[in-house]
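Working through the structure, step by step
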Amino acid sequence: MTMTAESEMKSVADAPVAAAPSAEPILKVSNIESYYGPIMAIRGVSLEVPRGSIVTVLGANGAGKTTILKTISGVLDPLKGTVEFEGKQIQRLDPDRIVRLGLGHVPEGREVFPFLTVRENLMMGAYIRSDRAGIAEDLERIYGYFPRLKERLDQPAGHLSGGEQQMLAISRALMNRPRLLLLDEPSLGLSPILVKEIFGIIRRVNAEEGVSMLLVEQNARMALETAHHGYVLEVGRIVMADTCERLRESKDIQEFYLGARDHGERGERRWKRKKTWR
Ligand SMILES: Nc1ncnc2c1ncn2[C@@H]1O[C@H](COP(=O)(O)OP(=O)(O)O)[C@@H](O)[C@H]1O
Ligand SMILES: [Mg+2]
């Protein structure tokens, strides 16, 4: 995987966006506002995921990335705005209903069940299904993507490394056969090699199975190499939107997200001093 990651990355980045621009997007978020009590975390965000594509939302810690995903998956209800999945408004539905519609969510921090085995965690992912043959088939497919999980099927998930838990969290969501997958910072806390491996698999699942993806990340470099379209989120607002190819070439992105991406104090200060895209 790591040997071919570079070349794979390049070919995906160069590939045309999967869906035609005129096609109805699989996800359309319009003007959502979400609050924690009196605190407005999302301030009128609109975004689209074309069917078959990978879309990323980049943003620093606290920008509101997790809140956007929670609002889409029904964990939070927006005060204003609409969320349309495959043409149907879902912003007031319970998370359980939304999962059944084919929208999966891999939450921040993975949230696997630590005392259940890997196998049991995977089966939890298939709880809405009763087609045994299909489930067995999907398990095999997932072992193909993540052979390491197959080796650890009977171990408690809490014994897995961070990277393996991320693989398990993604696999668990795939067990519902989602058509759209929300991914909340899959790179968080993982070594660069594991990050490459996991993003490589995200690209494969997208390309081989046509699963659309909405990926939120602080790791701008990896996200921009993986996704087709990108949005930049700052304090609850979208401040830029473009193809990832053009975002990678943007001076502001290079300076604030790629050059200063290790968000040391220096990067933060420069960020505050010069914001040209407002
Ligand atoms: N449960 C909560 N209660 C109150 N404020 C919250 C809660 N969760 C997040 N926030 C605030 O909402 C904003 C957006 O948070 P979040 O969506 O988690 O950002 P990100 O995922 O981009 O790091 C932040 O200012 C954060 O402090
Ligand atoms: Mg977050």
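Preceding this section is the structure that the text describes.
Here the structure is a predicted model, which is why all the values come from computation and not from measurement. Each chain carries its own residue numbering, running from 1 in the direction its sequence is written. Chains carry letters and ligands carry numbers; both start at the beginning, A for chains and 1 for ligands, and go up in the order they are written. A pLDDT threshold of at least 70 governs which residues receive local features in this predicted model, and a stricter bar of 80 or more applies before side-chain atom pairs are shown or counted, although totals over entire chains, interfaces and linings include all residues.

Our focus in this paragraph is helix α5 (residues 132-145). Helical segments are the DSSP runs of H or I of at least four residues, strand segments are the runs of E of at least two, and each set is numbered from the N terminus. For a helix, the expected span equals 1.5 Å multiplied by the number of residues minus one. The end-to-end C-alpha separation of α5 is 20 Å, in line with the 20 Å expected for 14 residues at 1.5 Å each. Neighbour density around each residue's C-beta defines its exposure: 20 or more other C-beta atoms within 10 Å make it buried, 12 or fewer make it exposed, and counts between make it partly exposed, where C-beta atoms are placed from the backbone. Among the residues of α5, those classed as buried are Asp138, Leu139 and Ile142. In a view along the axis of α5, the buried residues occupy a sector of 105 degrees, so they form one face of it. Pointing more than 90 degrees away from the buried face of α5 are the exposed residues Ala133, Ala136, Glu137, Glu140 and Gly144. On the buried face of α5, the contacting elements are α4 (118-125) and α7 (162-174). Directions drawn from the helix axis to the C-beta atoms are what define this arc. Two residues form a contact once the distance between their C-beta atoms, set from the backbone, is within 7 Å.

Time to look at α4. Residues of α4 that are buried: Val118, Asn121, Leu122 and Gly125. Down the axis of α4, the sector holding all buried residues measures 100 degrees, keeping them to one side. Buried positions along α4 lie against α5, α6 (147-151) and α7.

For the rest of this paragraph, the subject is the sheet that holds strand β1 (residues 27-36). Read across the sheet, 4 strands follow the order β2-β1-β4-β5 without closing on themselves; strand pairing throughout is antiparallel. On the outer flanks of this sheet lie β2 (39-49) and β5 (88-89), each paired with one strand and no other. The pairing of β1 with β2 spans 8 bridges and is classified as antiparallel. Paired with Glu33 across the two strands is Arg43, which belongs to β2. Only strands joined by at least two bridges in the DSSP assignment are considered to pair.

Further remarks concern the packing of α4 against α7. Helix packing for two helices is described by the angle between their axes and how far apart those axes are. Between α4 and α7, the least distance of the axes is 7 Å, while the angle of their chain directions is 35 degrees. Where α4 crosses over α7, the handedness of that crossing is right-handed. Contacts between α4 and α7 pair Val118, Asn121, Leu122, Met124 and Gly125 from the former with Leu168, Ser171, Arg172 and Ala173 from the latter. Asp, Glu, Lys and Arg are counted as charged, while Ala, Val, Leu, Ile, Met, Phe, Trp, Tyr, Cys and Pro are counted as nonpolar; the rest, among them Gly, fall into the polar class. The residue inventory of the contact of α4 with α7, partitioned by class, reads 5 nonpolar, 3 polar and 1 charged. Comment: axis = line fitted to C-alpha atoms, over the contacting stretch for helices; angle = value between 0 and 180 degrees taken between N-to-C directions. Left-handed describes a crossing whose near helix is turned anticlockwise from the far helix by less than a right angle; the clockwise case is right-handed.

At a minimum axis separation of 10 Å, α7 and helix α8 (residues 192-209) run at an interaxial angle of 15 degrees. One finds that α7 runs roughly parallel with respect to α8. Crossing geometry of α7 relative to α8 is assigned as right-handed. Side by side, α7 and α8 meet where Gly163, Gln166, Met167 and Leu174 of the first sit next to Leu194, Ile198 and Val205 of the second. A per-class count over the contact of α7 with α8 returns 5 nonpolar, 2 polar and no charged. For classification purposes, an angle smaller than 35 degrees is called roughly parallel, one larger than 145 roughly antiparallel, one from 65 to 115 roughly perpendicular, and anything else oblique.

Hydrogen bonds between backbone groups are what pair the strands of a sheet, and the pairing can be parallel or antiparallel. Taken in spatial order, the 6 strands of this open sheet run β6-β7-β8-β3-β9-β10, and their pairing is mixed. Of all the strands in the sheet, the pair left with one neighbour each is β6 (103-106) and β10 (237-243). Adjacent strand axes in the sheet meet at a mean angle of 15 degrees when their direction is disregarded. Packing against the sheet, α7 makes contact with β6 and β7 (180-184), and its axis sits at approximately 165 degrees to β6.

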